[in-house]
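# Coordinate analysis (summary)
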Amino acid sequence: MMHNITLIYGDGIGKEVIASAKEIIDYSGADINWDIVEAGYSAQERYGTPLPDHVTDSIKKNRIALKGPVTTPIGKGFRSVNVALRKQLNLFANVRPIKSYDGVDSIHKNVDFVIVRENTEDLYSGVEHMVGEDAAESIKIITRKASERICRFAFNLARKENRKKVTLVHKANIMKLSDGLFLNSGIKCSKEYEDIQFEDMIVDAMSMKLVQSPQDYSVIVAPNLYGDILSDLSAGLIGGLGLAPGANIGENIAVFEPVHGSAPDIAGKNIANPTSAILSGIMLLKYIGEVNRAETIEKALKEIFKDKAKCTEDLGGSLGTREFTQEIINQMKG
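An account of the accompanying structure is given in this report. Here, residues in each chain are numbered from 1, in the same order as that chain's written sequence. Note on the predicted model: pLDDT of at least 70 is required for a residue's local features to be given, and 80 or more for side-chain atom pairs to be given and counted; whole-chain, interface and lining totals, by contrast, use all residues. The side-chain values count all of the structure's non-hydrogen atoms but skip hydrogen atoms and water molecules.

## Here we look at the side chain of Asn 224
- Each helix is a run of H or I in the DSSP string that is no shorter than four residues. Each strand is a run of E no shorter than two, and both are numbered from the N terminus. Looking at where Asn 224 falls in the secondary structure, it is placed in helix H8 (residues 224-238).
- As used in this structure description, the phrase polar contact means that two N or O atoms lie within 3.5 Å; if the pair is within protein, one of them must be able to donate a hydrogen and the other to accept it, and residues adjacent in sequence are counted only when both atoms belong to side chains. There is a polar contact of 3.5 Å between the side chain of Asn 224 and the backbone oxygen of Glu 118.
- Within polar-contact distance, the side chain of Asn 224 engages the backbone oxygen of Asn 119 at 3.5 Å.
- For this analysis, residues touch if any pair of their heavy atoms sits within 4.5 Å. Filtering out sequence-adjacent residues up to four positions away, Asn 224 remains in contact with Arg 117, Glu 118, Asn 119, Thr 120, Glu 121, Asp 122 and Tyr 124.

Laid out in structure tokens, this is it:
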């Protein structure tokens with residue numbers, strides 16, 4: 001079956017790591033027609049906007065996208081392309097699997113959980129203003145509709161992947177109305193999934209417990225800000241952002257992307273580790289039903305990790321992006 005998929009290389013190392021993921025996916029035999037569009041700095045220069053309408057039109061049409069990292073200027077310039085995509089396409093769930101691999105140096109082994117983060121509201125709604133000249137106020141928005149939707153998504157993901165526990169993260173002891181609403185939404189939803197264990201955890205305690213014993217967790221669901229912070233913390237437990245894939249998923253649209261940034265300082269030097277992009281591609285293949293091809297790629301990647309000589313520098317080897325990609329393809333041939 002032919003799959004039409006939007007491809008966005010992005011900025012910086014995005015062009016290299018997404019090219020790597022695309023090459024490996026193509027070699028797997030997946031029948032994909034890539035609709036290549038441009039977003040980010042290059043689009044800003046060419047079209048006067050980092051997110052031209054034809055980009056979102058392509059994603060709406062194809063319903064699936066593989067996207068590279070896009071640089072967001074700090075304190076000035078255009079707002080985040082990622083945030084804009086999530087809002088325009090109603091990609092309400094951010095999904096980040098956290099999994100350790102043998103051969104990769106990491107703080108913990110035998111880690112395998114998923115963070116499900118609400119993607120559309122909380123402090124990331126961007127509702128803020130100045131109060132006089134010396135104070136700034138940002139408004140935290142939590143709604144029952146979005147909270148119940150993300151909690152059900154987390155429980156459904158647990159069922160689909162045969163995971164037995166969902167942990168809801170909050171700070172309802174302090175923010176009794178906003179986080180209290182999120183917590184109560186999770187408690188309500190949990191009653192519909194009696195086959196799955198449910199617990200809640202205050203976010204600061206959650207941070208400590210993830211560092212101590214991440215093996216105790218299976219699916220973690222959180223509001224936007226907490227989910228964002230815990231995702232990066234968790235990536236640090238398994239070797240860094242270069243090993244963490246991600247997806248932004250809505251009712252019938254999904255955008256898959258590496259969670260790391262565009263790293264312009266190393267762009268074009270053939271030293272970027274494409275693992276996060278490759279793992280995001282594996283998520284994409286599973287999402288469209290190409291499970292066998294996804295498992296073939298992941299199996300090859302696991303074998304490569306066990307041999308430092310076949311890895312990129314950050315994984316203890318000396319290979320460049322292109323050479324690492326070829327090693328994975330060679331492993332798939334074998």
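This is not the end of the story, as more comes after the structure.
## Quick notes on the sheet that holds strand S3 (residues 64-67)
- With mixed pairing, the ten strands of this open sheet are ordered in space as S2-S1-S3-S12-S11-S4-S5-S10-S8-S9. The strands lining the two open edges of the sheet, one partner per strand, are strand S2 (32-37) and strand S9 (197-202). Going across the sheet, the axis of each strand differs from the next one's by a mean of 25°, ignoring polarity.
- Any two strands between which DSSP finds at least two bridges are classified as paired. Bridging between strand S1 (residues 3-8) and S2 involves six bridges; their strand directions are parallel. Bridge assignment links Asn 4 to a residue of S2, and that residue is Asn 33.
- Only C-alpha atoms enter the line fits that serve as axes; for helices the fit covers just the stretch in contact. Angles between N-to-C directions range over 0 to 180 degrees. Strands in contact with helix H6 (residues 178-190) are strand S8 (165-170), S9 and strand S10 (219-222); relative to S8, the strand with the most contacts, it is inclined by about 165°.

## Comments concerning the nonpolar core
- For the purposes of this section, nonpolar cores are sets of buried Ala, Val, Leu, Ile, Met, Phe, Trp, Tyr and Cys residues that join through side-chain atoms within 4.5 Å. Type-normalised accessible area, obtained with a 1.4 Å probe on protein chains alone, sets the label of each residue: buried when under 20%, exposed when over 50%, and partly exposed for intermediate values. Leu 66, Val 116, Ile 278 and Ile 328 are the most contacted members of the largest nonpolar core, which has 81 residues in total.
- Listed in part, the 14 residues of the second largest apolar core include Leu 51, Ile 59, Val 70 and Val 255.

## Brief notes about the packing of helix H1 (residues 14-28) against helix H11 (residues 321-333)
- The geometry of H1 relative to H11 is characterised by a closest axis approach of 10 Å and an angle of 15° between their N-to-C directions. When the interaxial angle is binned, H1 and H11 end up roughly parallel. For the pair H1 and H11, the sense of crossing is right-handed. Across the interface between the two elements, Glu 16, Ser 20, Glu 23, Ile 24, Tyr 27 and Ser 28 from H1 touch Thr 321, Thr 325, Gln 326, Ile 328, Ile 329, Met 332 and Lys 333 from H11.
- Its residues assigned to classes, the contact of H1 with H11 comprises five nonpolar, five polar and three charged. Each angle receives one of four descriptions, namely roughly parallel if under 35 degrees, roughly antiparallel if over 145, roughly perpendicular if within 65 to 115, and oblique otherwise. In this scheme, a crossing is called left-handed if the near helix is turned counterclockwise away from the far one by less than a right angle; it is called right-handed if the turn is clockwise. Polar here means any residue outside two lists: the nonpolar Ala, Val, Leu, Ile, Met, Phe, Trp, Tyr, Cys and Pro, and the charged Asp, Glu, Lys and Arg; Gly therefore counts as polar.

## Digging into the packing of aromatic side chains
- Ring pairs are drawn from Phe, Tyr and Trp, using the six-membered ring of Trp, whenever the two centres fall within 6.5 Å, and their geometry is named by plane angle: stacked under 30 degrees, edge-to-face over 60, tilted for the rest. Enumeration according to the criterion identifies five aromatic pairs in this entry.
- Relative to Tyr 287, the ring of Phe 256 lies with its centre 5.5 Å away and its plane at 65°, an arrangement referred to as edge-to-face. Note that Phe 256 is positioned in strand S12 (residues 254-258) and Tyr 287 in helix H9 (residues 275-287), a separation of 31 residues in sequence.
- Taking relative accessible area as the criterion, Phe 256 reaches 1% and is therefore assigned buried.
- Grouping aromatic residues by their ring pairs yields a cluster made of Phe 155, Tyr 193 and Phe 198.

None of the figures reported here should be taken as evidence of function without further support.
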